[in-house]
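Per-entry structural report
Spelled out, the chains give:
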Amino acid sequence: MKHPFPFTAIVGQDEMKQAIMIAAVDPTIGGVLVFGDRGTGKSTAVRALAALLPPIKARPGCAYNSQPGDIVPGRAEDAPEGKPVEIPTPVVDLPLGATEDRVVGALDLERALASGEKVFEPGLLARAHRGFLYIDEVNLLEDHLVDLLLDVAASGENVVEREGLSIRHPARFVLVGSGNPEEGELRPQLLDRFGLSVEVGSPTEIADRVEVVKRRDAFDREPEAFLKDWAEQELDQQRAIIRARKALSRVRVPDETIEDAARLCAAVGSDGLRGELTLIRAARAFAALDGKRIAKRAHLRAIATPALRHRLRRDPLDETGSAARIARAIEETLPESSKS
Amino acid sequence: MAPAPPWATALLTARAVALDPAGLGGLVLRARAGPVRDRWLAYLHALLPDQIRRLPPDIADDRLLGGMDLAATLKSGRPVAQVGLLVEAHGGILLAPMAERMSPGLAARLSAVLDRGRVVAERAGQAIDAPADLGLVLLDEGAEPDEAAPAPLADRLAFHLDLTDMALGDTDETAPPDLIDARAFLPEVRASNEAAEILALTAASFGIGSARAPLLALRAARALAALDGRKDVTEEDITQAAALVLGHRATQLPATEAEDDDTPPPPPEDNDTKDTPQKGSDQSRPLEDKVLDAVAAVLPDLALAEQARRRSAAQTQGAGAKQAATHGRPAGTRRGGGDGRTRLDLLATLREAAPWQTLRRREHPKRTGLIVKPEDFRAKRYVRPAESVLIFVVDASGSAAAARLAEAKGAVELMLSEAYRRREKVALIAFRGTGAELLLPPTRSLLQAKRRLAVLPGGGGTPLASAIMAGHALARQVRQRGATPFLVFLTDGRGNIALDGAPGRPAAAEDAATAARVLAGDGVTSVLIDTANRPQRDAKALASQMDARYLPLPRADAQGLSRAVRASTAPA
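These numbers come from a predicted model, not from an experiment.

In terms of helices and strands, chain B carries 24 helices and 17 strands. By sequence separation, contacts in chain B at least 24 residues apart represent 77% of the contacts at least 6 residues apart.

Right under this line is the structure:
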């Protein structure tokens, strides 16, 4: 497997990088959707995330990345627990054209044919448990797979009823998607699943553009040397994630911040409670990354656009983009407070 | 139309792609099938003997990415994997004919492989992860400007070669050189930092957003140097590479360059470890000017840029619809099949048969291999979405044009905003002056519609007959692709330009009536919305001639319009 381009070597694209970091700090936020034009480094950034994620502890050799206490198929509930081992946080690609059996899991054909045994072969959803599930070109994903994903993402459990099997196993993962809106819209139900949504474009500064080309070219020509040059920054970034995860539970969200969030959601007219919840969680994760103990208005302001952009009721006759509408609402309802 | 590049350039791109297929991604070859294209392909074949594979346009995923080998599986009684075409093409080139009709799904799969140099897939009982460094040659046989190879894929390929207007006399039979030396040179070729800067700069001044473009140009410059037996990239290499790689991507001329300064991006991080280019110092370098000139030279006017924009807009249509017409979206499996009418889902069938093998062998001790019974058969299930395409044909003539167009545009966007739920596409044709123009090809993307409909021209005569024919032609296309067209005319029915472009009401009315009857004969569902202040006899007559519903809707606004269209086109 080729090593991905380092996350920290990506030029600019701060909103995208920030959103990915926040999703990595707090998996309950519900992942990130990255939409943008061609050649802006969408999938590069997502693939780079894998290298940053700290390892997790899991039962040795478990196909479900389960931790002690989890109930998974093929394992007796009272089986003795071994010592858990460290594995890399799974970042699983859901490639286009994946068949349903590979996604949800199916009867292990080899064993069934050879010995008539009925054994479940876990799929991508099992492998993505406790990690990330990445869908590139998410707007081109087949409808029946989208339905399936929505169901599992909502319940955190994969239920398989096929070929005489009746299996259920935990499947909690952070959904990360990317795509180009010119190639088609995303289904609203799926759109809503993503916690944060960012839009990327080409860098406008010439210096940035030049730097993008130089770094990418250097990486393509001598990947080892390039990775070595960036190893330290990568390590720093990983430490930042670990620190923020630890600090997350201690970050306090005062009532003012919660009220601010409610006011902002009302002002932009975002649908449902999910927006408010995501807004607060993202502000907290951002505060944790920022090394702060209290999530304040400034944090809300920083992450409001990615948290709400995809939740606005669409008014096709309003030419203003979502980002501009949110920015306007922020200035109106949450002016930069003087105390913070 | 760009002048066809000289034959020598065409051969040069073939050599470059043959030398570094994976690095350059490949090229789009726009040309009709014929002796010119054959000659170019023969040259490519001679450069890379036995390393060129053909990609059938209707290839199934299990053949493309890998999957189960039916014969071997049945014979051996255990699952046997087959290698996909992409893996087989590793190290060589894949030829994709009829690229202008390629589905977005196939384009996305190919894009993923180009990006990673590997095939990563989850197919029928196996996880696939195999190297696939390859180049693509997209054979684009599009006749109309709107028919083109999928833009996301074309973005990843270095060159765009247009041989449409080249005659066989412009070509010659050249023996291809041996690439052994160039191959040895390629890894050694060095390009200066300046080269990257100039190419990035040039791409920006021609309004090329994708970061892939300058990167591909840089690789192309290296390939050109290696082909010439040099280890240093010269100014000529850079100039030539820029012309070849950037020329066809330009969306603006450098003269009209306007930097968007309203959203200043943050400075690149880690300035201390990486050398950041000095901004401003590049402004007056002669090489940069040369490169700019070279690109501008292959770009006769901005019509080309417009074309490029349209291409990217057009790629969502057609191909996707075609797929829907042939077999729709896969949606799992169901019991049954093997009767020749449905497609057997082999894997599901085997899974069904598997648990019974021990038992069945006992029943039929003499049989070897797998014992499959009819009740095991599982068929692939496809959903054929009842896709429809709403075609708005809008009268943009006369004084009411601006308002009518604005409302039609509003209605288009309103309908698109709910199009996903309804699985439909929307297209818009405007007519004025002497003809009708397709402003928005069938699309489902709201974003695209907004971009395309930002500027709508209005005023002039009313070429009603041309409009009916244009709508009819598009409706036929839509039908050919397996979707259902609905025509929505917005006009007062008072044509004054005949088919031949001559003014005059009587002739215009006669032509319009003829066109309307032809349309009616084809049985396309249509509705005519009379936008005149008072209902017009002409409009009503025209509606009955084209067998359309007549709907007087003076002062139609976007909301009312979309409601009216919904009501008239709803399936009974």
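The next subject is the sheet that holds strand β14 (residues 435-443) of chain B. All names here are of chain B. One open sheet holds the six strands; their spatial order is β14-β13-β12-β15-β16-β17, and the pairing between them is mixed. The outermost strands of the open sheet, each flanked by one partner alone, are β14 and β17 (549-552). For this sheet the average axis-to-axis angle between neighbouring strands, irrespective of direction, equals 15°. With six bridges joining them, strand β15 (residues 484-491) and strand β16 (residues 525-530) adopt parallel strand pairing. Note on β16: the bridge partner recorded for Leu487 is Ser526. Relative to the sheet, helix α23 (residues 537-545) contacts β15, β16 and β17, its axis offset from that of β16 by approximately 180°.

In this section: unusual backbone geometry. Of note, the phi angle at Asn65 of chain A is positive, near 50°, even though the residue is not glycine. Assignment of secondary structure puts Asn65 of chain A in the loop between β2 (56-58) and β3 (85-87). You can call Asn65 of chain A buried: it has 23 C-beta atoms within 10 Å. Even without being glycine, Asp50 of chain B reaches a positive phi, approximately 65°. Relative to the helices and strands, Asp50 of chain B is located in the loop between α3 (35-47) and β2 (52-54). Overall, Asp50 of chain B belongs to the exposed group, with 7 C-beta atoms counted inside 10 Å.

Quick look at the nonpolar core now. All names here are of chain B. Core analysis: the biggest nonpolar cluster contains 192 residues, and Leu138 and Ala220 have the highest contact counts within it. In terms of residue count, the dominant contributor to this core is helix α11 (residues 212-227) (12 residues). Ignoring anything within four residues of it in the chain, the contact list for Ala220 reads Ala16, Leu24, Ala158, Ala241, Leu244 and Val245. Judged by nonpolar contacts, the second largest core, of 62 residues, contains Ile391, Ala408, Val527 and Ile529.

Contacts between chain A and chain B engage 65 residues on the former and 72 residues on the latter. Of all the elements in the fold, those that place two or more residues in the side of chain A that touches chain B are α3 (100-104), β5 (105-107), α4 (109-115), α6 (143-155) and α8 (206-221) of chain A. Ranked by the residues each element gives to the side of chain A that touches chain B, the list is headed by α8 of chain A, at 11 residues. The class makeup of the residues in the side of chain A that touches chain B is 23 nonpolar, 15 polar and 27 charged.

Conventions used here
- Residues numbered from 1 in each chain as written.
- Chains lettered and ligands numbered in written order.
- Predicted model: local features only at pLDDT ≥ 70, side-chain atom pairs only at ≥ 80, totals over all residues.
- Helix = DSSP H or I, 4+ residues; strand = E, 2+ residues; numbered from the N terminus.
- Contact = placed C-beta atoms within 7 Å.
- Pairing = 2+ DSSP bridges.
- Axes fitted to C-alpha atoms, helices over the stretch in contact; angles between N-to-C directions.
- Buried ≥ 20, exposed ≤ 12 C-beta atoms within 10 Å, placed from the backbone.
- Core = buried A, V, L, I, M, F, W, Y, C linked by C-beta atoms within 7 Å.
- Nonpolar A, V, L, I, M, F, W, Y, C, P; charged D, E, K, R; others polar.

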